[in-house]
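Structure assessment
What follows is each chain in one-letter form.
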Amino acid sequence: MDIFRFFVKTGLFLFITMFLAPFYFFILLIFFRWRLSIGPRLVRFYSRLCLLIFRVGIEKIENHEIFGRRRKGILIISNHAGFLDIFVLSALFGSVFVSKAEIKYYPVIGQIAWLMGVIFLNRNSSNERLRVLNTIAEKCSNQILAVFPQGTTSRISERLSFNRGIFKVIELNPEMSLLPVTLHYKDDAEIAWNEPQSFMENAKRVCAKKRVGVKVIVHEPFTIDHYREKTAAQICKMVEHIVLDPLNKAYQ
């Protein structure tokens, strides 16, 4: 039965992806001038379809009205459990992500991601990080971006620290704000992707679930005012605790 669910869900996912990809590509190409506005709407629709395919239910959203106060100039800071995180955040917030550079060269998908305004990062280049920070600072004025400062996926029990580099971005654009978001999966130990598990092994475990429950907590945003007399490293630790501490509580 688990293998059956895996093939059904992955089959539907691949079908929807390959079916929509050409349409998305031509829409973004034709309306190139407005692609940064259209792109997030397209990815939100796609993400909602993916949540249906993988039977992901957003069972509770706490403090969603905080997001409603400001629809632009937001950089979402979230913990990272697995590949479902991207669909959850996109479906709820219409966010565009900072992604590894390799995805840019994936056939069709990479070009669509570029047209939508995805920011690509070469993790092996130290000079690249400054360019990405400047790009985030610039694009955040008109888009909602999301990053996973842990740098990789992990289980709740691992509690990986946040990388402080991204927290310098607000100093480059004082008009933007950081929005901490906690993603708490009901069955985190089975959903989270961590070493030495391969992506295929993780996908099989996720697809084996009849239903995946997730709770989303939106926290108060951080602005340039929070940086008065504090360093980026101190802000990093503050946001890290805000995002990760709710994961210590039992899922309700």
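Description of the structure in this document. (Residues numbered from 1 in each chain as written. Predicted model: local features only at pLDDT ≥ 70, side-chain atom pairs only at ≥ 80, totals over all residues. Heavy atoms only, no water.)

Concerning the pattern of salt bridges
Heads up, the condition is: Salt bridge, as used here, is a side-chain nitrogen of Lys or Arg placed within 4 Å of a carboxyl oxygen of Asp or Glu. Going along the chain from the N terminus, every DSSP run of H or I of four or more residues is numbered as a helix, and every run of E of two or more is numbered as a strand. Residue burial is assigned from relative accessible area. The probe radius is 1.4 Å, only protein chains are included, and a residue is buried under 20% of its type maximum, exposed over 50%, and partly exposed in between.
The final tally for this structure, using the stated rule, is seven salt bridges. Here aspartate 245 and arginine 159 are joined by a salt bridge, their closest N and O atoms 2.7 Å apart. Here arginine 159 lies in the loop between β5 (144-147) and α7 (169-172) and aspartate 245 lies in the segment after α10 (232-244), a separation of 86 residues in the sequence. The exposure class assigned to arginine 159 is partly exposed, which follows from its relative accessible area of 28%. Ionic pairing is found between lysine 209 and aspartate 187, a salt bridge with its closest N-O pair at 2.9 Å.

Section: the packing of aromatic side chains
To describe a pair of aromatic rings, one takes the distance between the centres and the angle between the planes. The condition that has to hold: Two rings from Phe, Tyr or Trp (for Trp, the six-membered ring) form a pair when their centres are within 6.5 Å of each other. A pair whose planes differ by under 30 degrees is stacked, one over 60 is edge-to-face, and the rest are tilted. In this scheme, the term charge over a ring applies when either NZ of a lysine or CZ of an arginine sits within 6 Å of the ring centre and within 35 degrees of the ring normal.
Using the criterion set out here, one finds 14 aromatic pairs in the structure. On the basis of an interplanar angle of 50 degrees and a centroid distance of 5.7 Å, the ring pair of phenylalanine 13 and phenylalanine 54 is categorised as tilted. One end of the pair, phenylalanine 13, is in helix α1 (residues 2-30); the other, phenylalanine 54, is in the loop between α2 (35-53) and β1 (56-62), and 41 residues separate them in sequence. Relative accessible area serves as the criterion here: at 21%, phenylalanine 13 is assigned to the partly exposed category. Ring centres of tyrosine 46 and phenylalanine 87 lie 6.2 Å apart, and the angle between their planes is 75 degrees; on these two criteria the pair is classed as edge-to-face. Of this pair, tyrosine 46 sits in helix α2 while phenylalanine 87 sits in helix α4 (residues 84-93), and the two are 41 residues apart along the sequence. In this pair, the class of tyrosine 46 matches that of phenylalanine 87, namely buried. In this structure an aromatic cluster arises from ring pairing among Phe13, Tyr46, Phe54, Phe83, Phe87, Trp193 and Phe199. The positively charged end of arginine 35 is found above the aromatic ring belonging to phenylalanine 32, 4.0 Å away from the centroid. Sitting above the plane of the phenylalanine 6 ring, lysine 204 keeps its charged end 5.9 Å from the centroid.

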